[in-house]
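# Architecture and fold: a report
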Amino acid sequence: MTTVVEPQHEAPAPAGTAVEREFTVQARSQREQIISRFLHNKQAMTGLIVFAILVVGAFVGPLVYRWNYTDIDLSSKSVGIGSPHHILGTQELGRDLLALLMRGVQRSALIVAIVVGIAGCTGVLVGSIAGYYGRWIDNLLMRLVDLILTLPGLIVITVVAASIPSARSAIGVGIILGAFGWLDLARLIRAQFLSLREREFVEAAHAMGASDRRIIFRHLIPNALGSIIVWATLAAAIAVLAEAALTYLGYGIQGDDTSLGRLVSDGVAAADSRPWLFYVPGLLLMILVMCINLIGDGIRDAFDPSHKRVRS
Amino acid sequence: MLFFTIRRLISSVLVLLSSSIAVFLLASSTADPTAPFRQRQPLPPPAFFKAFKHRLGLDKPLYLRYWDWITGVLHGNFGKDIAGNAITPTLMERLGVTSRMVLGAMILALVMAIIVGVLTAVRQYKFSDYFFTVLCYMLIALPVFWLGALLKQFVAIEINNLVGHNVLFTLGEESAGISQFGTTSQIWVDRLEHLVLPTISLAALTFAGWSRFQRAAMLDVLGSDFIRLARAKGVPWRRVIFRHGVRNALIPLTTVVAIGVGGILGGAVLTERVFVWHGMGEYLLQNGLGAQDVNVILGWLIVAAFFIVTFNLIADLLYAVLDPRIRLH
């Protein structure tokens, strides 16, 4: 993130500390304030630390762990938690659960990255165009968004996924989820742009001869950055859950590959005979999504401290 | 208010109509009924595919197919499935099964959300607030089918053992054959016992989001000037909360509930699968998506769209009744 968030309200801070005082006053940029507010938020920091440990563990772990997620240990099928060779046990074919979980988190991270990437770009673009230009294009785009939102999102995604048999992989699922994930972001960005474009700094930019593209990308989008980041965390949490739901319905991840949703879905089928396959992936998914939500709430509070803590 | 109602009614019909076009385009462009046959070995001859498509009317132009379908739907006829059976009776029967779960879950989630939302707002930063906050964060982060399986595998068995016989059923929407031999009261008790767990698991997730929202709305209201005035006048605290607080804090919830209907319908498909219900969700997954049957998918989607648009309409009207300022817009 190299773009500097443009100050919206503040008077320009005096550069340096030229005046001699008993105490030193340090000018903090808006970004520094936001980061400092986030760092002082206990829940958000707990979420961030746990999240970082789990995700880094999932990417580094396979380098040192003795089992690969594809390995099949024929001598110990369906062993429980705490068995000598398999810390978290194995599933019915003899694949190590810990190795599978690490792979699952990796794949889920890939899915989240694809979803947030595709949906984020599309949503920002559509929302900017609708909010900045207004008139018929705004009407057209927003009616389209409203129309798609009159249908249950999960089912629309399932119907589309069912017709594309080649999309039973992490990348395919990510693209399908991303293709439908931008609707709420577009609405959000449009609403922000409607009020932002009336502000003085946009008028000033216009007066100085800035092009529409420059105003959108250099002035408006950086001002909406807070909402975009908060949206991204929410979208990440939803993407993890949506992938799990899609896989459970039979149109998500298939084959040898795995994902967090796949492990949870398979665990549901094994709940009565091999409970560790049910509990461990389910709890891991819950903890990850909780952490993402906590981080998201923390970021929102950091950007807008007056905002009350809501998540609906 | 009458003018407002009429305007809203007309716009809802228009939304539903355009939604039917979207649904039709979605289903007809994605579902391919010939797909299951294309995987057969040996591949059926081209003449078979031609005849098959002709029988289903898939060889007609798109606008004609839409016209045929939509005029049928307006007459209450959802067309025929691939096997040639009429969809309407099955769909309506399944709808009856699913709406028991969906309406039950909505009512349960709403009542719980209001109680917990108000409680946690009034007792902000006390133990109960923290308890329900943590609970809600956990519920929001859980896949609905995992929670369903948890209730089914562990809670149901414990309770049934405790009581000594099966009071909570984990499979199906009613005991097999009970509608043939049972009396009316027996049937409904049986259905109720089957309903408990799916309703709870479907309601839990929705409840979590709604109660957070209700808490925020209630905190907003409790911080407003008219509450301070009521307190200053010496109105008892209990009366302030219920008369002045809760009533106003319920207004924004109507919109949130209407928006949540789509999520509940999606969640119902998952819940039905966990509890092996023979409802709309199973119909969609097996007969619709499994066989790539366009008309079944269309039927499901248009019924869902109808529900969502209707709930939005009700929420709009309710909002206007509760908050008269809205009517002016």
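Here, the structure is the one placed above.
This section reports on the structure supplied with the text. Note that the coordinates shown come from a computational prediction; the quantities given were computed from them, not determined experimentally.

For chain B, the helix and strand inventory stands at 14 helices and zero strands. Mapped from its N terminus to its C terminus, chain B presents α and β elements in the order α-α-α-α-α-α-α-α-α-α-α-α-α-α. A buried classification covers 37% of the 329 residues belonging to chain B. Considering only contacts in chain B between residues 6 or more positions apart, those separated by 24 or more positions represent 74%.

Here we come to the interface of chain B and chain A. Opposite the 40 residues of chain B that make contact, chain A presents 34 residues. Elements supplying a minimum of two residues to the side of chain B that touches chain A: helix 1 (2-30), helix 6 (127-140), helix 7 (144-163), helix 9 (184-222), helix 12 (251-274), helix 13 (280-290) and helix 14 (294-322) of chain B. Broken down by element, the residue count for the side of chain B that touches chain A peaks at eight residues, all from helix 1 of chain B. For the side of chain B that touches chain A, the per-class residue count stands at 30 nonpolar, eight polar and two charged.

Residue and element names in this part refer to chain A. Structurally, Ser227 is set in helix 10 (residues 225-248). Ser227 sits in the partly exposed class, given 18 other C-beta atoms within 10 Å. With 73 residues separating them in the primary sequence, Ser227 and Arg300 have C-alpha atoms 7.6 Å apart. Those residues in contact with Ser227, other than ones at most four positions away along the chain, are Leu188 and Gln192.

All names here are of chain B. Remark: helix 7 packs on helix 9, axes separated minimally by 9 Å, with the N-to-C direction vectors making an angle of 140°. Classed by the angle they form, the pair helix 7 and helix 9 counts as oblique. Crossing of helix 7 against helix 9: the hand is right-handed. In contact with Val144, Leu147, Gly148, Leu151, Lys152 and Ala156 of helix 7, helix 9 contributes Leu197, Pro198, Ile200, Ser201, Leu202, Ala204 and Leu205. Its residues assigned to classes, the contact of helix 7 with helix 9 comprises ten nonpolar, two polar and one charged.

All right, on to helix 7 (residues 183-196) of chain A then. Residue and element names in this part refer to chain A. The end-to-end C-alpha distance of helix 7, which contains 14 residues, comes to 20 Å, matching closely the 20 Å that a straight helix rising 1.5 Å per residue would cover. All of the buried residues along helix 7 are Leu183, Leu185, Ala186, Arg187, Ile189, Arg190, Gln192, Phe193 and Leu196. Those residues of helix 7 that are buried are in contact with helix 3 (97-133), helix 4 (135-149), helix 6 (170-180), helix 8 (200-207), helix 9 (212-223) and helix 10.

Scoring rules and cut-offs
Residues numbered from 1 in each chain as written. Chains lettered and ligands numbered in written order. Predicted model: local features only at pLDDT ≥ 70, side-chain atom pairs only at ≥ 80, totals over all residues. Helix = DSSP H or I, 4+ residues; strand = E, 2+ residues; numbered from the N terminus. Buried ≥ 20, exposed ≤ 12 C-beta atoms within 10 Å, placed from the backbone. Contact = placed C-beta atoms within 7 Å. Nonpolar A, V, L, I, M, F, W, Y, C, P; charged D, E, K, R; others polar. Axes fitted to C-alpha atoms, helices over the stretch in contact; angles between N-to-C directions. Parallel < 35°, antiparallel > 145°, perpendicular 65-115°, else oblique. Left-handed = near helix turned anticlockwise from the far one by under 90°. Expected span 1.5 Å × (residues − 1).

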